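Structural overview for review
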Amino acid sequence: MIGYGWSSSATKNMKQDFTIWRNQILQNPRDILPLKFGISQDEVIEIFGNPDAVSTMKSDGKPLILKYHDIELHFDRKAPHGLCLIYSDDEIELSITAEHEETLQPITNTEPVDNEFFLRDGAVYFSGLYENGLLKGVAPKDFCCWRYWGKSSTACFLGGIRLRGAVPASFRVLNYAYAIDKAAVYTTSGRIPDVDLAAFQVLDNGQNDSGAPQGYAKDSRQVYFHNGDGRVKIIKGAEVSSFRSLGDTYFARDEKRIYAYGKQLPKAELTSWELLGHWYSRDAKRVYYLNREIKGADRDSFTVCTPMDAAPLADHLARDKDHFYQNDEMIDETLWLERLHEIT
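Residues numbered from 1 in each chain as written. Predicted model: local features only at pLDDT ≥ 70, side-chain atom pairs only at ≥ 80, totals over all residues. Heavy atoms only, no water.

1. Remarks on unusual backbone geometry
We count it as follows: Where helices and strands are cited, they refer to DSSP runs of H or I of at least four residues and of E of at least two residues respectively, numbered from the N terminus.
The phi dihedral of D121 falls on the positive side, at around 55°, and the residue is not glycine. Considering the arrangement of structural elements, one finds D121 in the loop between β9 (117-120) and β10 (123-127). Residue H278 is not a glycine yet carries a positive backbone phi of 50°. Position of H278 among the secondary structure elements: in the loop between β28 (274-277) and β29 (280-282).

So this is what it looks like as structure tokens:
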């Protein structure tokens, strides 16, 4: 495929160039030159010039979508703000996401690390929360793994547990939360029933900010959410074709709705909604914490005060012109200042 060197000086031919590029994507979706997934917004703008429009949804001050002609370039909140999806609102939709897959590697660890496999005395063990478990009958030379997923030539494993019925020859790890073979999709809470295996794809890295397996996935019929407590639910009413994760494993959207922690965000106005950080968001009228509206919060003066680089389990603190908040609850100013001091 031809790699166009578009810049802001080439705006006259932009529409024609994008039409050619779009048609090439449809013919060969594995090759999307001149872009690559994970590319930053600054690099995209350097190639294509200034966008025709940007989304009102933002993260850290940057829009989550850049629009050129009839093509939207959707960006993740990480990597930083890396390209994660290409979408067209014309008659044909492009929904091309980066391939999420983790490579199983030969086991080399000789020291136990929580929730990972290791070698000891010529055998394979899994380092669990309370004790180390021996994988009986598994030879180190016949074993490969990634984090808490593993397989030999005869069995597949989630930690120290054999996945009954899993097929080693076709077993692949997609991310922290999901794995797949020719027969089923596997998660840390068991198999997902009635999945279209050929169309199944994960939509983020499958790990939340505290390190737990969590994230969104979809197939041709349904959208799934694996929460940090180990449960997988079907998101009813989600529009599969346009559904995408925003990259943090908590928030997602489709053409009609915003989703937080696997639930529709009540009353959220799609066009004005923006993610503020630390589970806070707002639209033109309301302020939200995860999937709940913060009643009485002043939208215009609302500010998130927990630093973006705070520890994963730090208190979520915010304020507006009248009130102080921990998570979605109002608290006394003195107590709020004490907790802010602790995390800063």
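2. Here we look at the packing of aromatic side chains
Inclusion rule: Under the pairing criterion, centres of Phe, Tyr and Trp rings, with the six-membered ring standing for Trp, must be within 6.5 Å; the plane angle then separates stacked pairs below 30 degrees from edge-to-face pairs above 60, leaving the rest tilted. Here the term buried applies to any residue with accessible area under 20% of the maximum for its type, exposed to any over 50%, and partly exposed to those in between, with areas from a 1.4 Å probe on protein chains only. Geometrically, a lysine NZ or arginine CZ counts as sitting over a ring once it is within 6 Å of the ring centre and also within 35 degrees of the ring normal.
Scanning the entire structure with this criterion turns up 23 aromatic pairs. Note on Y148 and W149: the rings are 6.1 Å apart at their centroids and 50° apart in plane angle, and the pair reads as tilted. Summarising the burial analysis for this pair, Y148 and W149 share the class buried. Cluster of aromatic residues (ring-pair linked, three or more members): Y216, F225, F243, Y250, Y259, Y261, W279, Y280, Y289, F302 and Y325. Just above the ring of Y125 sits the side chain of R120; from NZ or CZ to the centre is 5.9 Å.

3. What to know about the sheet that holds strand β11 (residues 132-134)
Quick reminder of the rule: For two strands to be treated as a pair, DSSP must find at least two bridges joining them. Helix axes use the C-alpha atoms of the stretch in contact, all axes being lines fitted to C-alpha atoms, and the angles between their N-to-C directions lie in the range 0 to 180 degrees.
If you trace the three strands from one edge of the open sheet to the other, you get β9-β10-β11, paired in antiparallel fashion. Of all the strands in the sheet, just β9 and β11 have a single pairing partner and so form its edges. Sheet twist, expressed as the average angle between the axes of neighbouring strands with direction ignored, equals 40°. In this structure, β10 lies alongside β11, joined through three bridges in antiparallel fashion. Within β11, the position partnered with S127 by the bridge is N132.

4. Considerations on the nonpolar core
Threshold: Nonpolar cores are built from buried Ala, Val, Leu, Ile, Met, Phe, Trp, Tyr and Cys residues. Side-chain atoms within 4.5 Å join them into one set.
If you look at the biggest cluster of nonpolar residues, it comprises 25 residues, and the most contacted ones within it are F117, L135, F143, W149, L163 and F171. Taken together, the elements giving at least two residues each to this core come down to β10, β12 (144-146) and β14 (156-158). Grouped together as the second largest cluster of nonpolar side chains are 22 residues, L265, L270, Y289 and F302 included.

5. Concerning the sheet that holds strand β23 (residues 232-234)
Read from one edge of the open sheet, four strands run β20-β21-β22-β23, paired in antiparallel fashion. The open sheet has two edge strands with one neighbour each: β20 (201-202) and β23. By the bridge criterion, two bridges tie β20 to strand β21 (residues 215-218) in an arrangement that is antiparallel. Along β21, the bridge assignment pairs V202 with A217.

6. Overview of the environment of K58
The cut-off we apply is this: Any pair of residues with heavy atoms lying within 4.5 Å of one another is described as a contacting pair.
Structurally, K58 is set in strand β2 (residues 58-59). Given a relative accessible area of 32%, K58 falls into the partly exposed group. Along the sequence, K58 and W273 sit 215 residues apart, while their C-alpha atoms lie 8.2 Å from each other. Setting aside residues up to four positions removed in sequence, K58 forms contacts with P63, L64, E274 and L275.

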